[in-house]
Amino acid sequence: MPPSRLSDAFRAHPVHLQHNHLDLESVREVPDSHAWPELDDYPSAVTVEDSNFDVESVPPVIDLTDPNAVKLVGHACKTWGVFQVTNHGLPMRLLDDVESQGRRLFSLPPHQKLKAARPPDGISGYGLARISSFFPKLMWSEGFTIVGSPVEHARQLWPLDYSNFCDVMEEYEKEMKQLAGRLMWLMLGSLGISKDDIKWAAAASKGESGGVCAALQLNSYPACPDPSRAMGLAAHTDSTLLTVLYQNSTSGLQVLRDGAAGWVTVPPLRGALVVNVGDLLHILSNGKYPSVLHRAIVNRTHHRLSVAYLYGPPTNAQISPISSLVDPNHPPLYRPVTWAEYLGTKAKHFNKALSSVRLCNPVNGFVDVNDHNSVKVS
Ligand SMILES: O=C(O)CCC(=O)C(=O)O
Ligand SMILES: [Fe+2]
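Here is a short report on the structure shown in this document. Everything numeric here is computed off the predicted structure, so don't read it as measured data.

## Re the packing of aromatic side chains
Per the stated rule, a full pass over the model turns up 6 aromatic pairs. Where Trp 158 meets Phe 165, the ring centres are 5.0 Å apart and the plane angle is 45°; that geometry is what we call tilted. According to the relative accessible area criterion, Phe 165 is buried, its value standing at 0%. Ring pairs connect the aromatic residues Trp 36, Phe 134, Phe 135 and Phe 350, which therefore count as one cluster. Taking the ring centre of Trp 158 as reference, the NZ or CZ of Arg 104 above it sits at 4.2 Å. The ring of Trp 80 is capped by Arg 257, whose NZ or CZ atom sits 3.7 Å from the centre of that ring.

The following block contains the structure:
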């Protein structure tokens, strides 16, 4: 399967969602269809209003030009599963352009956006979050997914003027591919893995075909009249190796911290990017790096926008715990899976997908931090 065929993995698992004809921008109260009964499953450690956060209580911020970057990344992956990066090389101008093109897209009238609707068996286009099918209530968000070129859908949205959108998104994809490759090597390097250990990763770093696959996910969270009853994007882990997220200046991303801390808001930092460990890196690390459970909450006054770059291996490469991390005290926690197979498992089992590919229960106090079986799904 060539790497551009990420879409094949989705074709086999169609998701039938009713399109959202409700214009979230104009409703004055949260309708029953969007009212979530239990948003407080864990306490919220840092509130959205809290601007004077304590640096110890939020995910670390790492300067990528720091000579200790590998060590800092390793520590952040192990303790949080998420961190922010600065000095990452993406110009602020490009981040601003992506945000304004995203706003331009989501501010189109609903009937226009639906012209670029993602088909049930497709991966690209406009629509509700795929994970919506696992929940009885709808989320306060809309999304647009791009794999490769956005031109086909952009033409539906702006028949005469689609090139600005495409140029910006394609430049962003190109820059993100480089950055995500660099981050992958920092993360693998922090586990003691070198370029000789993983064939597909070495090919990816040389830009060879057979390299990695990725998708760009634009998320829009309109201001909400009653944020305490609405959910922007329900709690999930990403089915990726790693995800690089740009969030605008409105907070909303929360990560679950073990123990009493509960949901922790990742504070927006101008120009910084959020990086999180995904399920496949969790598997490669033999459970050492948590695939962080995260969600997005909404805001009463501000429209929030985020752009996730979902980065993974070639869809048919076998992913399994790295042999140097396996010994009699640390047996492999997961069986080998390809990304294509794992996406299918996720489409069926959602937050229980990781435990469905788990081989054995952790022994000798080796705790699998991704035991999210308590996470509520419908
Ligand atoms: O909007 C956010 O902050 C989170 C988005 C996200 O988790 C995703 O697209 O997978
Ligand atoms: Fe996510």
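## Here we look at the coordination of the iron ion (ligand 2)
Looking at the iron ion (ligand 2), one finds its protein donor set to be His 236 (NE2), Asp 238 (OD) and His 294 (NE2), positioned 2.1 to 2.2 Å from the metal centre. Written as a sequence motif, the donor residues of the iron ion (ligand 2) are H-x1-D-x55-H. With Asp 238 in the loop between strand S6 (233-236) and strand S7 (242-247) and His 294 in strand S11 (residues 294-296), the pair connects residues that are 56 residues apart, well separated along the chain. Across the pair, His 294 and Asp 238 agree in class, each one buried.

## Describing unusual backbone geometry
Even without glycine at this site, Asn 87 takes up a positive phi of about 50°. Mapped onto the fold, Asn 87 is located in the loop between strand S2 (82-86) and helix H3 (92-106). Relative accessible area serves as the criterion here: at 47%, Asn 87 is assigned to the partly exposed category. The residue Phe 350 is not glycine, and still its phi comes out positive at about 50°. Position of Phe 350 relative to the elements: it lies in the loop between helix H9 (339-349) and helix H10 (353-356).

## Section: the sheet that holds strand S8 (residues 253-257)
Note on sheets: strands pair through backbone hydrogen bonds, and any given pair is parallel or antiparallel. In space, the 4 strands of this open sheet follow the order S6-S11-S8-S9, with antiparallel pairing throughout. Taken across any chain shown, the strands that pair with only one partner, and hence form the sheet edges, are S6 and strand S9 (262-265). Averaged over all pairs of adjacent strands, the angle between their axes in this sheet comes to 25°, without regard to strand direction. With 2 bridges joining them, S6 and S11 adopt antiparallel strand pairing. By the bridge assignment for S11, Leu 233 is matched with Ala 296.

## Focus: the site of ligand 1
If you check the shell around ligand 1, you find 13 residues, and the closest are Asn 219, Tyr 221, His 294, Arg 304 and Ser 306. The side chain of Tyr 221 places a nitrogen or oxygen atom 2.7 Å from an oxygen atom of ligand 1. The separation between an oxygen atom of ligand 1 and a polar side-chain atom of Ser 306 is 2.7 Å. Notes on ligand 1: free accessible area 300 Å², of which the protein chains cover 94%. Applying the majority rule of atoms within 2 Å of the grid points places ligand 1 in the largest pocket. Those elements giving two or more residues to the shell around ligand 1 turn out to be strand S5 (213-221), S6, S11 and strand S12 (304-312). When the residues that make up the shell around ligand 1 are grouped by side-chain class, the tally is 6 nonpolar, 5 polar and 2 charged.

Rules used in this analysis
Residues numbered from 1 in each chain as written. Chains lettered and ligands numbered in written order. Predicted model: local features only at pLDDT ≥ 70, side-chain atom pairs only at ≥ 80, totals over all residues. Heavy atoms only, no water. Phe/Tyr/Trp six-rings, centres within 6.5 Å; stacked < 30°, edge-to-face > 60°. Buried < 20%, exposed > 50% of the residue type's maximum accessible area, 1.4 Å probe, protein only. Lys NZ or Arg CZ within 6 Å of the ring centre and 35° of its normal. Donors = N, O, S within 2.8 Å, 3.2 Å for Na, K, Ca; no water. Helix = DSSP H or I, 4+ residues; strand = E, 2+ residues; numbered from the N terminus. Pairing = 2+ DSSP bridges. Axes fitted to C-alpha atoms, helices over the stretch in contact; angles between N-to-C directions. Near = heavy atom within 4 Å. Polar contact = N/O pair within 3.5 Å; in protein donor to acceptor, adjacent residues only side chain to side chain. Areas by Shrake-Rupley, 256 points an atom, 1.4 Å probe, with all protein chains shown as cover. 1 Å grid on protein atoms, 1.4 Å probe; cavity = no way out; pocket = protein on both sides within 12 Å on 5 of 7 lines; lining within 4 Å. Sits in = over half its atoms within 2 Å of the grid points. Nonpolar A, V, L, I, M, F, W, Y, C, P; charged D, E, K, R; others polar.

Spatial relationships are all this shows, so hold off on functional conclusions.
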